[in-house]
Amino acid sequence: MNKGKIKEQFLLNQDIHFLNHGSFGACPLPVFQDYQKWQAELEKEPIQFFTKTGISALKASKEVFAQEFNCSVEDFFFTSNPSTAFNTVVKNLDLKPGDEILSTNLEYGAMDRTWNYYCQKTGAKYVQQEIPLPFSNKEEILEAFWSGYNKNTKIVFLSHITSSTALILPVEEICERAKELGLITIIDGAHVPGHIPLDLGTLKADFYTGAMHKWYLAPKGLAFLHVKKEFQDMLDPLIVSWGYESDFPSGNRFLDYHEFNGTRDFSAHLCMPSLKRFREDFEWDAACTAAKQRILEIYPKFCTLLGSEALCPLSSDFLGQMCSIPINTTKPLELKEALYNRFHIEIPITNLKSKYFIRISLQGYNNQGDIDTLHQALRVLMEENQLINS
Ligand SMILES: Cc1ncc(COP(=O)(O)O)c(C=O)c1O
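On a predicted model such as this, the values are computed, not experimentally measured, just so you know. (Residues numbered from 1 in each chain as written. Predicted model: local features only at pLDDT ≥ 70, side-chain atom pairs only at ≥ 80, totals over all residues. Heavy atoms only, no water.)

## Some thoughts on the site of the ligand
For the record, the criterion: Neighbouring residues are identified by heavy atoms, a residue being near a molecule or strand if any of them is within 4 Å of it. Under this definition, polar contacts are N or O atom pairs within 3.5 Å; protein pairs additionally need one hydrogen-donor-capable and one acceptor-capable atom, and for neighbouring residues in sequence, both atoms have to be side-chain atoms. In this count, Pro and Cys sit with the nonpolar residues alongside Ala, Val, Leu, Ile, Met, Phe, Trp and Tyr, while Asp, Glu, Lys and Arg are called charged and the others, Gly among them, polar.
For the ligand, the full set of nearby residues is Asn81, Pro82, Ser83, Tyr108, Met111, Ser159, Ile161, Ser163, Asp188, Ala190, His191 and Lys214. Interatomic distance of 3.5 Å between a backbone N/O atom of proline 82 and an oxygen atom of the ligand. Serine 83 is positioned with one of its side-chain polar atoms (N or O) 2.6 Å from an oxygen atom of the ligand. Class assignment for the residues of the shell around the ligand results in five nonpolar, five polar and two charged.

## Overview of the pairing of strand E11 (residues 349-352)
Along any regular strand, the residues point their side chains to alternate faces of the sheet. Note the threshold: Two strands qualify as a pair provided that DSSP identifies no fewer than 2 bridges between them. Numbering of helices and strands runs from the N terminus, with a helix taken as a DSSP run of H or I at least four residues long and a strand as a DSSP run of E at least two residues long.
Examined bridge by bridge, E11 and strand E12 (residues 355-361) share four bridges and lie antiparallel to one another. Among the inter-strand pairings, isoleucine 349 is bridged to a residue of E12, identified as isoleucine 358. Between E11 and the antiparallel strand that follows it, E12, lie two residues; lysine 353 among them carries a positive phi value of about 50 degrees.

## Examining helix H10 (residues 272-281)
Here is the rule we go by: Relative accessibility thresholds used throughout: buried, under 20% of the residue-type maximum; exposed, over 50%; partly exposed, between the two (1.4 Å probe, protein chains only). The directions considered for the arc run from the helix axis to the C-beta atoms. Between two residues, a contact is recorded if the distance between any of their heavy atoms is within 4.5 Å.
Residues of H10 that are buried: Met272, Ser274, Leu275, Phe278 and Arg279. Buried residues of H10, viewed axially, fall in a sector of 165 degrees; they line one side. Residues of H10 that are buried in the fold lie against helix H2 (29-44), helix H3 (46-68), strand E2 (76-79) and helix H11 (284-306). Backbone geometry just downstream of H10 places glutamate 283 in the positive-phi region, at approximately 45 degrees.

## Thoughts on the domain arrangement of the protein chain
The criterion, for reference: Per the annotation, domain bounds derive from an automatic or database assignment of domains. Accessible area that two parts lose when put together, with a 1.4 Å probe and added across both, is what the buried area reports. The term salt bridge refers to a pairing of a side-chain nitrogen on Lys or Arg with a carboxyl oxygen on Asp or Glu at a separation within 4 Å.
For the protein chain, the assigned domains are domain 1 (6-28 + 283-384) and domain 2 (32-277). Each of domain 1 and domain 2 has a C-alpha centre, and the two are 27 Å apart. Between domain 1 and domain 2, the contact holds 35 residues from the first and 29 residues from the second. Taken together, both faces of the contact between domain 1 and domain 2 bury some 2500 Å²; the carbon and sulfur share is 63%. One can count zero salt bridges joining domain 1 with domain 2.

Written out as structure tokens, the structure reads:
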């Protein structure tokens, strides 16, 4: 297949250097057309769609997912986003006063808020262990994390890839130890599918959520919750609907409970086959491998430019297709606006407490020009000494 200019396969504004795949992803045209085809089908034949065609397409889509991530179609359901999946889990936990949730200080703000909400309601405690930044090896992360463990710890929760700091955390090791200690493990893998390998069959996460509309390239609204068998019966649906006391039970109560949420457009959930096709046709795995290699090359260069220290060793153990460089600014919003308005670069300035980072995402559609333009723009802004302090 003639791949042409890969970026033209995406609906992205071609005039913008798009270095923020991490926030909301980007969907390629052939997949977006498939998504719109399902939406048109829904409007044309709503009764057929909601009772037959949509249902069988969902089954086919789930089968592709199950094959891709080594799990059974019986053990997960699609959601619109990780927040929905995560709220389903947390609402069902029987948290008691004094129970502790062991986590890190690197978690996504929406999940922090969810824990704060339920901890306030129940008297449980959300313990956010500080991970030293920079760290020099995995052991430092593990030591910092587990030093927060005590006899009240009931749950372990963390991101597989962190949001503002763009770091891969040693989730496999943490889940392994947590299960030895008899803890419930909940993993936020929003950035993981299509980004780093994910094997839901072997990972000892009781609950795992991920977004397909980020690195897997799905249209917005395709995420999932995978639940280990032993926890499926305790999980009530977030929205009670026809699947409860079902007139037509499927034989799997877990799926009946969670796959019926009232009338909604679930076209995004049907796109796994077209996603897989696109990724194969455009050799996307190879493009991702190249992007990861590129991140390892450019991270030290941008750190040098900004006079910053890398947050982690230069290794694929900790870095995928993103890297966050500490940046000395007191005007993060103005900086982001200037990069967009003056240099046509879309890139986030993320933060962790009062520290700021510029987070570079590289996807298969990015090229050297995007990286050079960012490098040059930062150099200019540093010389001006207004938005970036040297
Ligand atoms: C670690 C992490 N979790 C979750 C999300 C997104 O969750 P939601 O789409 O439900 O807001 C993000 C988005 O960037 C993220 O970085």
